[in-house]
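A look at the structure
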Amino acid sequence: MRVLLTLLVYTQLLATILFSVSISLPNEAYPSPCDDDEASCFEKTQTLQPIRREIYGNGRIIDITHRLTQKTLCGHPIKLVDLLTLSSNMRNGSLYNFSVMKLPLHAGTHVDAPGHMIADYFDAGFDVDTLDLDVLNGPGLLVDVPRDSNITAEVMKSLNIPKGVRRVLFRTLNTDRGLMWKEEFDSSFVGFMKDGAQWLVDNTDIKLVGTDYLSVAAADDAIPAHVVFLEGRVEEQVLIEAKAMQNLLEALGQHQRSPDHNI
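Worth saying up front: this structure is predicted, and the values here are computed from it rather than measured. (Residues numbered from 1 in each chain as written. Predicted model: local features only at pLDDT ≥ 70, side-chain atom pairs only at ≥ 80, totals over all residues. Heavy atoms only, no water.)

Take the overall build of the protein chain next. Helices and strands together make up the secondary structure of the protein chain, namely nine helices and 10 strands. With 263 residues in all, the protein chain has 44% of them scored as buried. Partitioning the intrachain contacts of the protein chain with sequence separation of at least 6 by distance along the chain shows that 77% fall at a separation of at least 24. Surface exposure of the protein chain reaches about 14200 Å², of which carbon and sulfur atoms provide 54%. (Helix = DSSP H or I, 4+ residues; strand = E, 2+ residues; numbered from the N terminus. Buried < 20%, exposed > 50% of the residue type's maximum accessible area, 1.4 Å probe, protein only. Contact = heavy atoms within 4.5 Å. Areas by Shrake-Rupley, 256 points an atom, 1.4 Å probe, with all protein chains shown as cover.)

Of all hydrophobic cores here, the largest spans 25 residues; its most connected members are I161, F170, F192 and V209. Those elements that provide at least two residues to this core are β6 (139–144), α5 (153–159), β7 (167–171), α7 (194–203) and α8 (222–231). When residues in this core are grouped by element, the largest group, four residues, is from α8. Aside from chain neighbours lying at most four places away, what touches V209 is V168, F170, F192, L200, V216, F229, V238, L239 and I240. Residues I62, V135, L142 and L208 belong to the second largest nonpolar core, which totals 13 residues. (Core = buried A, V, L, I, M, F, W, Y, C linked by side-chain atoms within 4.5 Å.)

Among the surface-exposed residues, M90, L95, Y96, F98 and V100 lie close enough to one another that they form a single nonpolar patch of about 560 Å² accessible area. In this structure, F98 sits in strand β4 (residues 98–101). For F98, a relative accessible area of 46% corresponds to the partly exposed category. (Patch = residues over 30% accessible without salt bridge, like charges linked within 9 Å, V, L, I, M, F, W, Y side chains within 5 Å. Salt bridge = Lys/Arg side-chain N within 4 Å of Asp/Glu carboxyl O.)

α8 packs onto α7 with a crossing angle of 10° between their chain directions and a minimal axis gap of 8 Å. One finds that α7 runs roughly parallel with respect to α8. On the side of α7, the interface is formed by K194, A197, Q198, L200 and V201, while α8 contributes P224, A225, V228 and F229. (Axes fitted to C-alpha atoms, helices over the stretch in contact; angles between N-to-C directions. Parallel < 35°, antiparallel > 145°, perpendicular 65-115°, else oblique.)

Along the polypeptide, D129 turns up in the loop between α3 (119–124) and α4 (133–136). Overall, the relative accessible area of 64% leaves D129 in the exposed class. Counting along the chain gives 15 residues from D129 to P114, while the straight-line C-alpha distance between them is 10.0 Å.

One pass over the structure, following the stated rule, counts six salt bridges. The shortest N-O distance in the salt bridge between D144 and R171 comes to 3.2 Å. One end of the pair, D144, is in strand β6; the other, R171, is in strand β7, and 27 residues separate them in sequence. The exposure class of R171 is buried, given its relative accessible area of 6%.

Further remarks concern the confidence of the model for the protein chain. In low-pLDDT segments, the atomic positions of the prediction should not be examined closely. Residues of the protein chain with pLDDT of at least 70 account for 72%, and the chain-wide mean is 77. Ranking the helices and strands of the protein chain by mean pLDDT puts α5 first, with 97, and helix α1 (residues 9–19) last, with 34. This model gives residues 1–36 a pLDDT under 50, and the stretch forms 92 contacts once residues within four places in sequence are excluded. Within the model, pLDDT remains below 50 along residues 254–262, and this stretch shows 39 contacts once partners closer than five positions in the same chain are excluded. (pLDDT = per-residue confidence, 0-100.)

With that settled, the discussion passes to the pairing of β7. By the criterion of burial, β7 is predominantly enclosed, with five of the five residues buried. Sheet topology note: the β6/β7 ladder contains four bridges and is parallel. Pairing of D144 across the sheet is with R171, part of β7. At this point the chain moves from β6, through α5, to the parallel β7, and the crossover so formed is right-handed. (Pairing = 2+ DSSP bridges. Right-handed = clockwise from strand over helix to strand, strands pointing away.)

Structure follows, in C-alpha cells:
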C-alpha cells in the first residue's frame, strides 16, 4: 500500500511546538476559562474547541511527532514544568498574549545536530540548521526491526534494505512497549549498537535514520554509535529521534513492513 507521507521535520516540529503544547497543571499564566461563571465556562468549552489531528489530507500528511506537554520525556533530568508560560496575558489585562517557552532540545521528537556528540563540530557551529533539507524530505521506507535485539550489524544485514533507499524509519520494541508514553526514562530501550551503525554507514545509501525513542543509539553504545553516525559530516546521516510510530501505523492501517513512502 503506497501512501503519500510528508514529514516536514522542521515545520512539523515547529507546528507541534507552537500549536500543540498542552499545559496539564493550572497556574497563574493560564487561568481557568471558567472563572466563577459556570454557564460562561460551558459556553466557551462547547463553542471553542481546537482541532488536534495527526492525519491530514486523507493520509497525504501524517504527523508522527510527539506532542509537547509537561510530561513529555526528554532524556534529561530537567522536567518540562515551565514548558510554556505567558509573560503577557489578555485575561490579566494585557493587550495581547505573549508566550515564553523553556525546554531541553531533546524533548520529544527531535533532530540531532552534528555537534551533539562531537566537540569540534559543536565549536565550529554545526547546528541543526546546517542539515540538508533534501535529506529531510522525500521517499523513505518504514521497517520493522526484530523484537529480540538491539540494531546490530547482523540485524541490519537481515533487513535487506535495498540500495538507493536514503530514508528509513525503524520501528522497534519501543513502540510496542509504549516507552514514549511513560513518565520516566527507560534505559532498556532498543537502539543502534556501534556495529549496527557502522554497517549502515558502510553498506547502505541511508542518510536519514528515524527511531522511536529518545536516542538512536542503545544505552550500552550511546556515545560510540552516535559518533559513527555524526562524524561523517560531509556525507552526513540525519538522525531523527522519538518518532511517534504508532500514529503512522494507525494511519496506514497496518503493522508490518511498508513499501516506500514520502517522508
